[in-house]
Each structure stands twice: as structure tokens, then as C-alpha cells.
Amino acid sequence: MLQPVPASGDSLLDALTRYVPGVIYQFRHDPDGRSSFPFASQGLRELFGITPQSVLNDAEPFFRCIHPEDMPILRAAFRTSARTLAPWDQEFRVVLPARGLRWLHGRAQPQRLDDGSVLWHGFISDTSERRQAEARLHQLAHYDSLTGLPNRRLLLERIAQALSALRRHAQVGALMFVDLDNFKQINDARGHGVGDRLLCQLGARLARELRTEDVVARLGGDEFIVLAAPLATEADAAGRNARALADKLRELLARPCDIDGVRYASSGSVGITLFPKGEESAEDLLREADIAMHRAKAGGRNRIAFFEAEMQAEVEERLALEQDLRRALVAGGIEVHVQTQYDVQGREIGGELLARWLDPVRGPVSPARFIPVAEETGLIVALGDFVLRRACQALARLQRAGNGLQLSVNVSPHQFRRDDFVVCVRDSLRGTGADARGLVFEVTEGLLIDDWQDTLARMQELASLGVRFSIDDFGTGYSSLAYLKKLPLYELKIDRSFVADVAEDASGAAIVQAILSVAGHLGLHVVGEGVETPAQAEFLRAHGCHALQGFLFDRPQPISDWLDRRLQPLPLAAD
Ligand code: C2E
Ligand code: MG
Ligand code: MG
């Protein structure tokens, strides 16, 4: 068996190893857990800033130099090497007061001694320069030298990663090809220096303003690529989100860049492809986005085009819908209908106001179609104010006539969160003379999840005016009981999908019973909505539901007719 070579300052060994770059050493680990360097060459001073003498009996000063993050791996590797007697080979970092962070590479051959100790013979060299060169090479190979953005190679890697992640999680993402419309003119007229700086500013702006998960790359010339994944779980929603992102991109490009005091405004055309679709590769997607971008350009500059024809049609239809809705709001094309609510004895207790849109060309457009468009475009604010005002007017008329019916208004999250919402409600009440105690705001569970504190504060403010709150479509969201308890709520409306199931299957019935029991604990009024059959009505009545609404009783009707019928003077009794 080999015995350790003793460390002796002036030995032949010391003379031989003194000028070898790096450290030559013996490292010993004893069964009692102690470790030491029986021999270490003078290189230890340079690489670790410590003397061989200082670690002769205890290796602790050596370990103190190791980067804390690398310590666990280093220990584990030594342990494995001791157990298997396989060579130790590892790169790790040290942090030295004088030289900062350095990368080192150590190798050693272990040997078990008679007393059970393990002794390694090896060397350590400084690989920092090589590492830096590699990093430079990586930077050159993966990033665009002008803008510092990922280049084509890195982009393709990222697309490939996104492809497999989206396939795994059944999500949809988008790849967008952005091409500047006027770059060539600026480059030709003002010179390449200005052109380059423009590209740098735009690239930096895109990278800064988009989500950190999005990849902004430059392919060369005036072509940028944006990889946004995931965007949604459904293709439709991903298409809409992609469209919104493309609008944002164009808006970012349109903001002027200041170069030497001169302001340059750009515009860009955006081609979008959604993925994954099938077995397409990263290269395929890049090609699709490129084709879409050329289609956008062909349609005139500063446009957006989808690679998928159906998506293009859907997006264009939505855009047209948005424009028509905007027009309808201004031109009085939106009407308000009311659907009556009854208590379990069949007495009227009030009505829910529902927006109706009869377009001259499209015919009636379902709220299920136009309310989400209004939500996304912010038109819901004007729409909501309009409905609220009609509600207050109607309420004031009812109240003046001594009629105690209440009116429910759907309030969208977007509208509810507006800074001026409370002011609007106050104005509508004051302007019409309505008493807020006849007003019920229907909000959805989604509103309760985000910005909880703000929602609570605003609800309390409105409740102090006398407005009551109802949770619409209850059971379809995620409200927790703990949350519900803290809100100033008056009512829950059982979603009609549950009501539809009560008479059919046991689980539908169980859900409705559970909702009724929750409401009972919280002391809330409950409305069953979408009641279509006597069996459903009977079930709800039998299980303690307080009010019913649905086609079984009546369909929504124009608010003026609804009001007239309730405000008609009673026919004089015939003698
Ligand atoms: P919601 O608030 O849950 O309104 C109830 C919906 O159920 C109405 O659909 C109503 O016509 C329908 N309905 C009533 N009884 C029955 C029934 O027995 N069977 C079936 N199948 N349906 C019934 P509508 O009018 O199409 O409205 C759909 C949704 O659009 C509303 O759901 C509401 O979330 C939204 N909405 C409508 N008007 C407005 C509005 O003025 N503002 C806001 N923010 N949203 C509105
Ligand atoms: Mg409602
Ligand atoms: Mg509802």
C-alpha cells in the first residue's frame, strides 16, 4: 500500500512543482471526518490565496474559498469518489478577496489507505479564461451583435423548447414576424449609423416592454421576431391575445425614437402564426410567420395578418363586430330588456336588466357574443353606464309610483374597477332621483379573485349608498367561503347550468343543494336563474331557494313595455 508523501518545504517535489501552473496536491479524508492536504504545491497561493502550510493539517481554509453554491456539489462528488474510488473530476468556482470570482477545474485519483482514509492525488488548474472565451463565443453564436437580442440560432432553440412545452401542457402560443415598413428609407436617407441606432432603440424597447417570458429576437435587417408562449389554452383566446399583442407591438414601434435630437417614427407589419398545430418544426413556424408578414404587407403597411385563414377570418369578424358595436352605442342601437324575478309564491319581486343589440345588417346579436367584445375593448364602460342609467330612471319611476320592485344590473369587472365607477353610480342616482335601495348589482366571481382589497373597499362604499350585491352565475367560479363571508353581499344567483341539471341527474341536484346550504349559512338571498321547467321550479322551491327567474315564467322584454305594465293604473272596479 502507498503511504502519503510528507509535505516538506524544500523537498525535491516542492522544487519540481513550484513553477507548474495550477496546484498539484494530495488531499486526504480520514474516517473521523477530518480532511487535510498532506501536500500542496506553491500554486495554492495563487489559485486560492492560501499557503500549503495552512491546510497541511486541516483543509478548512481551502473550503472557505469555494463559492457557497458549488459547495454541496463538491462535497457530493468527493463522497462518490471516495466510495467508488473513481477519479474526481469537477469544475467549480472560488471567490478570492484579491482576484474575485474564478473558475477552476480539479481532477484527482483516489486511493484507499490501510487505516480507511482516502487519499487523492491530483491537480487543479484555472479555467477562467477558457470559460470567458466560451461565454464570448456563446454570445457571438447566439446573440445579434448590433442589438444584443437573441439571433436566429437561439430563437430556433427557444421555439423548439416552447413547442415541446406547449404540446406537453396543451397550450397555445404565437410566433410573430415584425418587419419595419419605412426602415430602408431612413437607412438610405440618414445613413447606416442612424439606421443602426434606430434598430437598437426599437429592439431594446420591445424587449423592455413585453413580458419577460416573451422572446424578442432579431433575424437581421429590420426583421424582429416575438415568441409569446403560452398565450392561452384555447386557439380562439390565443388568437385574440395574439392580436392584442400585435397591436401593442405596432404601438411600440410607432412611438418615436430620438436620435441626436431628431425624432423618427416607425411602423411595422406583423405576421402571426399560432402553434402547436401538428408536427411542425421551429423552422416551419418561422416560415409561416414570414408568409403571414408578407400577407400583412400586401394588404397595405402597418397591418397584421394571421397565417391561419380561419383565425384571420375570426379576427376580422371580431374587429368588424367591435366597430359596429361602437357605432350602435353612439347611434342608440342598444336597448335594454327586463326579465322578471318572482318569489316562491309567484309574486313579482323585481327584474334583471339585460342589454340587447339589434343590428340593422346582422340582426339580433347575442350578448354572449358582444359582451366579451365590449369587455375586451373597454366599450363595456359606455354600455354599462347606459344600462345603469336606464335602471335608475326606471327605478325612480317605480318608486315615485310607490312600487317596491327592485332592479338588478349586471356590472362587468372592467366597469366595476374604473376609478370613476362610484361617482358614476352616484350621478345616475342623483340625476334620476332613484333610491339606491332598489338597486342590485350582479357581479361575477372573477371580480372577487383579483384585487381583493380594492374590490372589498369599493363594494363597501357602494353598499353604504344602499346598493345591494349579488353574485351572478354562482358556482361556475372559484369563490371561497372565507371570501364570501367578508363581502357585503345580499344574494347569490345559481347558474342556469346547475338549474338545468337539477331534475335530470343527482350530481346537479347535489350542487344546487350545496349552494343553497352555503347561502343559508351566510344568510344570503338566493335566486335560481334559467328556470325552464315546472320540475326545476319545484325542486328549487322545495329546497329553500327564495326567488326564481327564467323562460318558464317569462322572456326578457323591452324595458318600456315592462315598466308600462307595472305602472298602469289599476282598472277601476266596476260597481
Ligand atoms: P346573466 O346575467 O346570467 O343573464 C341571464 C341570461 O340567461 C340572459 O341571457 C337571459 O336571457 C338568459 N335566460 C333567462 N332565462 C333563461 C332560461 O330559462 N333559459 C335559458 N337558457 N336562458 C335564460 P342574455 O340576455 O343572453 O345575457 C347573457 C349574459 O350577458 C348575461 O348573463 C350577462 O352576463 C351578460 N349581459 C347581458 N346584459 C348585460 C349588461 O348590460 N352588462 C353586462 N356587464 N353584462 C350583460
Ligand atoms: Mg345577470
Ligand atoms: Mg347569470
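Please read all numbers here as calculations on a predicted model, not as lab measurements.

Analysis parameters
Residues numbered from 1 in each chain as written. Chains lettered and ligands numbered in written order. Predicted model: local features only at pLDDT ≥ 70, side-chain atom pairs only at ≥ 80, totals over all residues. Heavy atoms only, no water. Pairing = 2+ DSSP bridges. Helix = DSSP H or I, 4+ residues; strand = E, 2+ residues; numbered from the N terminus. Axes fitted to C-alpha atoms, helices over the stretch in contact; angles between N-to-C directions. Contact = heavy atoms within 4.5 Å. Donors = N, O, S within 2.8 Å, 3.2 Å for Na, K, Ca; no water. Buried < 20%, exposed > 50% of the residue type's maximum accessible area, 1.4 Å probe, protein only. Salt bridge = Lys/Arg side-chain N within 4 Å of Asp/Glu carboxyl O.

Enquirer: Which residues make up the sheet that holds strand S12 (residues 304–306), and what values go with them?
Expert: Ordered in space as S7-S8-S6-S11-S12, the 5 strands form an open sheet in which the pairing is mixed. One side of each edge strand has no neighbouring strand; the edge strands of this open sheet are strand S7 (215–220) and S12. The average angle at which neighbouring strand axes cross in this sheet is 25°, direction not considered. Bridge count between S7 and strand S8 (residues 223–232): 5 bridges; the pairing is antiparallel. Residue pairing across strands places Gly220 opposite Glu223, the latter belonging to S8. Running over the sheet, helix H6 (residues 152–169) touches strand S6 (172–180), S7, S8 and strand S11 (268–275) and is turned about 15° from S8.

Enquirer: An account of the coordination of the magnesium ion (ligand 2) is needed here, citing residue identities and associated values.
Expert: Coordination of the magnesium ion (ligand 2) by the protein comes from Glu352 (OE), Asn410 (OD1), Glu442 (OE) and Asp472 (OD), over a distance range of 1.9 to 2.2 Å. In this structure, the magnesium ion (ligand 2) lies 4.0 Å from the magnesium ion (ligand 3), and both are coordinated by Asp472. Of this pair, Asn410 sits in strand S16 (residues 406–410) while Glu442 sits in strand S17 (residues 439–443), placing them 32 residues apart in sequence. When its relative accessible area of 1% is taken as the criterion, Glu442 is described as buried.

Enquirer: Explain the pattern of salt bridges residue by residue, including any values.
Expert: For the structure shown, the criterion picks out 46 salt bridges. The partner of Glu209 in a salt bridge is Arg208, and the shortest N-O contact between them spans 3.9 Å. Between Arg255 and Glu251 there is a salt bridge; the shortest N-O distance is 3.1 Å. Several salt bridges converge on common partners, so that one network encompasses Glu317, Asp324, Arg327, Arg362 and Arg369.

Enquirer: Could you give an account of unusual backbone geometry, naming the residues involved and the relevant values?
Expert: Ala229 connects to Pro230 through a cis peptide bond whose omega is -5°. Within the secondary structure, Pro230 sits in strand S8. Cis geometry is adopted by the peptide bond preceding Pro276, which originates at Phe275 and carries an omega value of 0°. Looking at where Pro276 falls in the secondary structure, it is placed in the loop between S11 and helix H10 (282–298). Unlike most non-glycine residues, Leu85 shows phi in positive territory, near 60°. Here Leu85 lies in the loop between helix H4 (71–84) and strand S3 (88–96). For Leu85, a relative accessible area of 34% gives the class partly exposed. Phi at Ala170 is positive, roughly 50°, even though this residue is not glycine.

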